[in-house]
Amino acid sequence: MFVQFGKCQIELVQGDITLQEVDAIVNAANSRLAGGGGVDGAIHLAAGPVLMEETRRRYPDGCPTGSAVATSAGRLMAKHVFHAVGPVWGGGHRKERELLSSAYEACLNLAIEHNCESIAFPAISTGVYRFPKDQAAEVSLSTTRDFCLDHGRPQLIRFVLFDEGSYGAFARVLEDLATADGQS
Ligand code: AR6
């Protein structure tokens with residue numbers, strides 16, 4: 001499904017983010033940029049060793065939670081990978097929502113800085129980091145909707161949800177945002 005907000009389209013698909021043909025793919029990384037499992041492992045595997053070489057060389061101190069850094073994309077069908085660090089869920093009273101929102105916003109700002117017209121996000125923090133999917137969907141989609149309305153770019157923001165449960169959680173929230181926006 002997709003919804004238009006101003007000049008931007010927010011789209012939801014179920015699938016594998018490493019197969020997306022977009023200008024930038026977002027990785028759900030850890031603050032040491034050390035690689036790992038989940039989507040991080042899949043992106044590094046598909047992109048090849050150049051990604052780890054570049055993160056080590058350019059970002060030896062890693063990346064703080066709630067922020068993101070850019071690298072090239074190796075063998076992926078994208079120009080850039082943005083490595084975003086979402087928060088570990090600790091019950092909801094440790095600024096998890098703010099930090100997740102700020103990780104998405106950092107990626108959208110990098111997209112503008114690198115002239116990307118399209119970007120694909122995974123559901124950051126909803127795997128190993130245990131952020132509840134419905135709350136993550138609310139934070140991720142409302143942050144993205146606000147960014148679209150403020151900046152009018154990038155043209156396409158695609159959320160690539162790995163499983164049916166994640167797709168359902170994001171679809172319910174996107175429908176609510178479309179209704180609130182006057183689109184029924
Ligand atoms: N395409 C799209 N989504 C995927 C894919 C894929 N190929 N593979 C998994 N997902 P996670 P986090 C989904 O755990 O919670 C890593 O070890 C997955 O189903 O990858 O932010 C890092 O190095 C889930 O919905 O990221 C960090 O240490 C979502 O991606 C830590 O995990 C995020 O799950 C980050 O944890």
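Everything below is about the structure shown above.
These remarks concern the structure in this document. The structure presented is a predicted model; accordingly, all values stated were derived computationally and were not measured.

With respect to the packing of aromatic side chains
Taken as a whole, this structure holds five aromatic pairs when the rule is applied. Aromatic ring contacts, followed pair by pair, group Tyr104, Phe121, Phe159 and Phe170 into a single cluster.

A word on the site of the ligand
Taken together, 22 residues lie near the ligand, and Val39, Asp40, Ser125, Gly127 and Val128 sit nearest. Isoleucine 17 places a polar main-chain atom, nitrogen or oxygen, 3.0 Å from a nitrogen atom of the ligand. In the environment of the ligand, an oxygen atom lies 2.8 Å from a nitrogen or oxygen atom belonging to the backbone of glycine 127. When the ligand sits alone it has 700 Å² of accessible area, and the protein chains cover 90% of it. A per-element tally of the shell around the ligand places helix α1 (residues 38-47) first, with four residues. Across the shell around the ligand, the residue classes break down as 10 nonpolar, nine polar and three charged.

Some words on the pairing of strand β5 (residues 80-85)
With six of six residues buried, β5 is to be regarded as a mostly interior element. Sheet topology note: the strand β4 (residues 68-72)/β5 ladder contains five bridges and is antiparallel. Among the inter-strand pairings, valine 69 is bridged to a residue of β5, identified as histidine 83.

Things to note about the side chain of threonine 143
Along the chain, the position of threonine 143 falls in helix α4 (residues 133-151). Engagement of the side chain of threonine 143 in a polar contact is seen with the side chain of serine 101, the distance being 2.9 Å. A distance of 2.7 Å separates a polar side-chain atom of threonine 143 from the backbone oxygen of valine 139. Apart from the residues within four sequence positions on either side, threonine 143 is in contact with Ser101, Tyr104 and Glu105.

What about the nonpolar core?
Formed by 40 residues in total, the largest nonpolar core has its most connected members in Phe82, Ile119, Phe121, Leu141 and Phe159. Tallying contributions element by element places helix α3 (residues 96-113) first for this core, with seven residues. Once residues within four sequence positions are removed from consideration, phenylalanine 121 is found in contact with Ile17, Val26, Tyr104, Cys107, Leu108, Ile157, Arg158, Phe159 and Val160. Ala47, Leu51, Val81 and Ala120 belong to the second largest nonpolar core, which has 12 residues in total.

Examining unusual backbone geometry
The omega angle of the peptide bond from arginine 153 to proline 154 is -10 degrees, so this bond is cis rather than trans. Residue placement: proline 154 occurs in the loop between α4 and β7 (156-161). Within the chain, leucine 33 stands out as a residue other than glycine whose phi angle is a positive 55 degrees. With respect to the helices and strands, the residue leucine 33 is situated in the loop between β3 (24-29) and α1. Positive phi values are uncommon outside glycine, yet serine 125 reaches one of about 75 degrees.

Some details on the sheet that holds β4
An order of β1-β2-β7-β6-β3-β5-β4 is seen for the seven strands of this open sheet, with the pairing classed as mixed. Two strands lie at the open edges of the sheet, namely β1 (2-5) and β4, each paired on one side alone. Pairwise comparison of adjacent strand axes, ignoring direction, gives a mean angle of 25 degrees for this sheet. Of the pairings in the sheet, the one linking strand β2 (residues 8-14) to β7 comprises six bridges and is parallel in character. Bridging across to β7, leucine 12 finds its partner in phenylalanine 159. Strands in contact with α1 are β3 and β5; relative to β3, the strand with the most contacts, it is inclined by about 130 degrees. Sheet strands touched by helix α5 (residues 164-180): β1, β2 and β7. Its angle to β2, the strand with the most contacts, is close to 155 degrees.

Basis of the calculations
- Residues numbered from 1 in each chain as written.
- Predicted model: local features only at pLDDT ≥ 70, side-chain atom pairs only at ≥ 80, totals over all residues.
- Heavy atoms only, no water.
- Phe/Tyr/Trp six-rings, centres within 6.5 Å; stacked < 30°, edge-to-face > 60°.
- Near = heavy atom within 4 Å.
- Polar contact = N/O pair within 3.5 Å; in protein donor to acceptor, adjacent residues only side chain to side chain.
- Areas by Shrake-Rupley, 256 points an atom, 1.4 Å probe, with all protein chains shown as cover.
- Helix = DSSP H or I, 4+ residues; strand = E, 2+ residues; numbered from the N terminus.
- Nonpolar A, V, L, I, M, F, W, Y, C, P; charged D, E, K, R; others polar.
- Buried < 20%, exposed > 50% of the residue type's maximum accessible area, 1.4 Å probe, protein only.
- Pairing = 2+ DSSP bridges.
- Contact = heavy atoms within 4.5 Å.
- Core = buried A, V, L, I, M, F, W, Y, C linked by side-chain atoms within 4.5 Å.
- Axes fitted to C-alpha atoms, helices over the stretch in contact; angles between N-to-C directions.

No statement about biological role is implied by the geometric values presented.
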